[in-house]
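Breakdown of the fold
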Amino acid sequence: MISRFLSFLSLLVFGSAIGYVWAVIGEKQQSLYLLIGALLAGLFWVLVDAWRGYCVRSWLRQGDLAMAPQMSGWWGVLSDRARKLLRDRERRIAAGEQRLKDFLSAIQASPNGVVMLDANAQIEWSNQTAATHLGIHPERDLMQRVGNLLRDPVFAAYMALEQPVEPVVMAGHRHRVSRPVRISVQRHRYGEGKQLLLTRDVTMLEQAEAMRRDFVANVSHEIRTPLTVMSGFVETLQTLDLNAEEQQRYLALMAMQAVRMQGLVEDLLTLSRLEGSPAPNFANTLPLTSLLAACESEARGLSDTIANGAQTHLIQFEINPSLDHAMLMGEPRELQSALSNLVTNAVRYTPAGGRIDVSAAQEADASLSIAVRDTGAGIAAEHLPRLTERFYRVDRSRSRESGGTGLGLAIVKHVMQRHGGNLLITSELEQGSCFKLIFPASRWRITP
Ligand code: ADP
């Protein structure tokens, strides 16, 4: 400010000096010319100053940093300060915008849906997940009342609640009877009358819960049946005066039920071990020949037991000589249990005298297949996709009669999944079935 005053003063002095010199040269009244010189210099200073002020003011109005006027003196300092303030403000705005962008991208990336509603329940913003869950458009439906877009009565009733505590579960936008989609919606109030809707796809969760309920119901049912039979026999033994032969017959029947329960518990434990244990150790190996040999003796033993002196099955195990030194990689116990389940099923579901062929071969894509073929009753096509579900049986009584638990194929499927392999089932009613275990090239090798 002082320099501004000094510059004004020096210009006045300069103007007076010029006026004085002019008066001396023109032999005029010196004091008058001195005053005129000073006045003209002061006027010049005021005009220049006003012009510079005007330049700074029009730049500030535009607010464009790139157009900042380059000037010295007081107005130069002022415009420099203003430029610095503007730059700081722009930086703060850019940082704020970046933060908002990061924040919105984080919500966009969330697996949960987020919808922000204003005080009139109009959509202010929604992420793509919520849009997919609810069937709204994240841009086109902005500022639309959410109640006008979502007509589900469950949702309408939920939105009408003053202070909902629990989330509501309703059918999602892509819900079909054949492919249910269930969405959980939770509402929270925030700010001044604003609301936040959080959506979550709970289809899998509901399915898992339903499966758990079914599983518990199935296990209870499977255990209750032999238990009821056994307690009936116990009661008979306690109340009736039976002779030794009859007693033996009842005890044998009771033993049969006990074996059945034992089988069920063993299969359940196997399944839970498969689900709970870490991935198989593929450094372990099992020679293909010993796997087939163990299953062959098991199949023959079972066939003899079932036949009980009558005609047994025609059982044939065949292995291509090129696979004599083939080794399967993984958990030997699990692999053994998978093939054993298929072979015992073939024996159990094939009438006496039928054929059972087990063969191992290398496929064109270098995978190894072990096929168990039988000439049994076969399975109708509609049952094939569900065979590996727990407790799924085509013929309940046949399965139970032959000591089935309904868990065998579920175990096989699990073992194959854990070993990176596959179970392929083909079957034709009255013609027989073929169950194939496929091991990819990376899960078996031939030892030299
Ligand atoms: P289960 O203990 O009842 O045999 P599985 O899971 O092993 O249970 O098999 C499921 C169902 O698949 C069986 O109940 C049976 O109806 C059918 N099944 C399995 N293997 C055969 C087969 N080789 N031939 C005909 N049906 C079969």
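1. Brief notes about the pattern of salt bridges
Counting across every chain of the model gives 15 salt bridges. Here Arg 4 makes a salt bridge to Asp 49, at a shortest N to O gap of 2.7 Å. Pair noted here: Arg 4 is in helix H1 (residues 2–25) and Asp 49 is in helix H2 (residues 30–62), with a separation of 45 residues, a long-range link. Of the residues examined, Arg 4 reaches a relative accessible area of 18% and is grouped as buried. You can call Asp 49 buried: its relative accessible area is 13%. Via salt bridges that share partners, Glu 209, Arg 212 and Arg 213 belong to a single interconnected network.

2. Some points on the nonpolar core
Leu 288, Leu 328, Leu 339, Ile 370, Leu 437 and Phe 439 are the most contacted members of the largest nonpolar core, which has 45 residues in total. Broken down by element, this core gets its largest block of residues, 7 residues, from helix H10 (residues 332–348). Sequence-distant contacts of Leu 328, defined by excluding residues within four places in its chain, comprise Asn 284, Thr 285, Leu 286, Leu 288, Leu 291, Leu 335, Leu 368, Ile 370, Phe 439, Arg 443 and Trp 444. Membership of the second largest hydrophobic core comes to 19 residues, among which are Ala 130, Leu 150, Val 181 and Leu 197.

3. What about the pairing of strand E2 (residues 123–126)?
Alignment of strand E1 (residues 113–117) against E2, held across 3 bridges, turns out to be antiparallel. Directly across from Leu 117, in E2, lies its bridge partner Ile 123. Linking E1 back to E2 in an antiparallel pair, the connection comprises 5 residues, with Ala 121 at a positive phi of about 60°.

4. Some remarks on the environment of Glu 90
Summarising the element assignment, Glu 90 is placed in helix H3 (residues 73–109). For Glu 90, a relative accessible area of 38% puts it in the partly exposed group. C-alpha separation for the pair Glu 90 and Phe 8, spaced 82 residues apart in sequence, amounts to 36 Å.

5. Re empty space enclosed by the protein
Under the defined criterion, the tally for this structure stands at 1 cavity of 30 Å³ or more. Here the largest cavity is characterised by a volume of approximately 50 Å³. Around the largest cavity, the lining residues are Glu 222, Pro 226, Arg 260, Met 261, Leu 264, Gly 404 and Thr 405. For the lining of the largest cavity, the elements supplying multiple residues, two or more each, are helix H7 (203–239) and helix H8 (244–276). Among the elements that make up the lining of the largest cavity, the one with the highest residue count is H8 (3 residues). Split by residue class, the lining of the largest cavity holds 3 nonpolar, 2 polar and 2 charged.

6. Notes on the sheet that holds strand E9 (residues 355–362)
Read across the open sheet, the 5 strands follow the order E7-E9-E10-E12-E11; overall the sheet is mixed. Of all the strands in the sheet, the pair left with one neighbour each is strand E7 (314–319) and strand E11 (422–428). Pairwise comparison of adjacent strand axes, ignoring direction, gives a mean angle of 10° for this sheet. Examined bridge by bridge, E11 and strand E12 (residues 432–439) share 7 bridges and lie antiparallel to one another. Among the inter-strand pairings, Glu 428 is bridged to a residue of E12, identified as Gly 432. Lying over the sheet, H10 contacts E7, E9, strand E10 (368–374), E11 and E12, oriented at roughly 20° with respect to E10. Each of E11 and E12 touches helix H12 (residues 408–418); the most contacted strand, E12, lies at about 25° to it.

7. Thoughts on the domain arrangement of the protein chain
In terms of domain boundaries, the protein chain breaks down into domain 1 (2–103), domain 2 (110–201), domain 3 (205–277) and domain 4 (281–446). Centre-to-centre, using C-alpha coordinates, domain 3 lies 25 Å away from domain 4. The interface is formed by 16 residues belonging to domain 3 together with 15 residues belonging to domain 4. For the pairing of domain 3 and domain 4, the buried interface totals around 1,500 Å² over both sides, and the portion due to carbon and sulfur atoms is 60%. The tally of links between domain 3 and domain 4 comes to 2 salt bridges. The tally of links between domain 3 and domain 4 comes to 5 residue pairs in polar contact (both at pLDDT 80 or more). Breaking the side of domain 3 that touches domain 4 down by element, the ones donating at least two residues are H7 and H8. Among the elements that take part in the side of domain 3 that touches domain 4, H8 stands out by supplying 10 residues, more than any other. Residue composition of the side of domain 3 that touches domain 4, grouped by class: 6 nonpolar, 5 polar and 5 charged.

What counts, and where the lines are drawn
- Residues numbered from 1 in each chain as written.
- Predicted model: local features only at pLDDT ≥ 70, side-chain atom pairs only at ≥ 80, totals over all residues.
- Heavy atoms only, no water.
- Salt bridge = Lys/Arg side-chain N within 4 Å of Asp/Glu carboxyl O.
- Helix = DSSP H or I, 4+ residues; strand = E, 2+ residues; numbered from the N terminus.
- Buried < 20%, exposed > 50% of the residue type's maximum accessible area, 1.4 Å probe, protein only.
- Core = buried A, V, L, I, M, F, W, Y, C linked by side-chain atoms within 4.5 Å.
- Contact = heavy atoms within 4.5 Å.
- Pairing = 2+ DSSP bridges.
- 1 Å grid on protein atoms, 1.4 Å probe; cavity = no way out; pocket = protein on both sides within 12 Å on 5 of 7 lines; lining within 4 Å.
- Points joined across faces, edges and corners; volume = space filled by probe spheres on them.
- Nonpolar A, V, L, I, M, F, W, Y, C, P; charged D, E, K, R; others polar.
- Axes fitted to C-alpha atoms, helices over the stretch in contact; angles between N-to-C directions.
- Domains from an automatic or database assignment.
- Buried area = accessible area lost by both parts, 1.4 Å probe.
- Polar contact = N/O pair within 3.5 Å; in protein donor to acceptor, adjacent residues only side chain to side chain.

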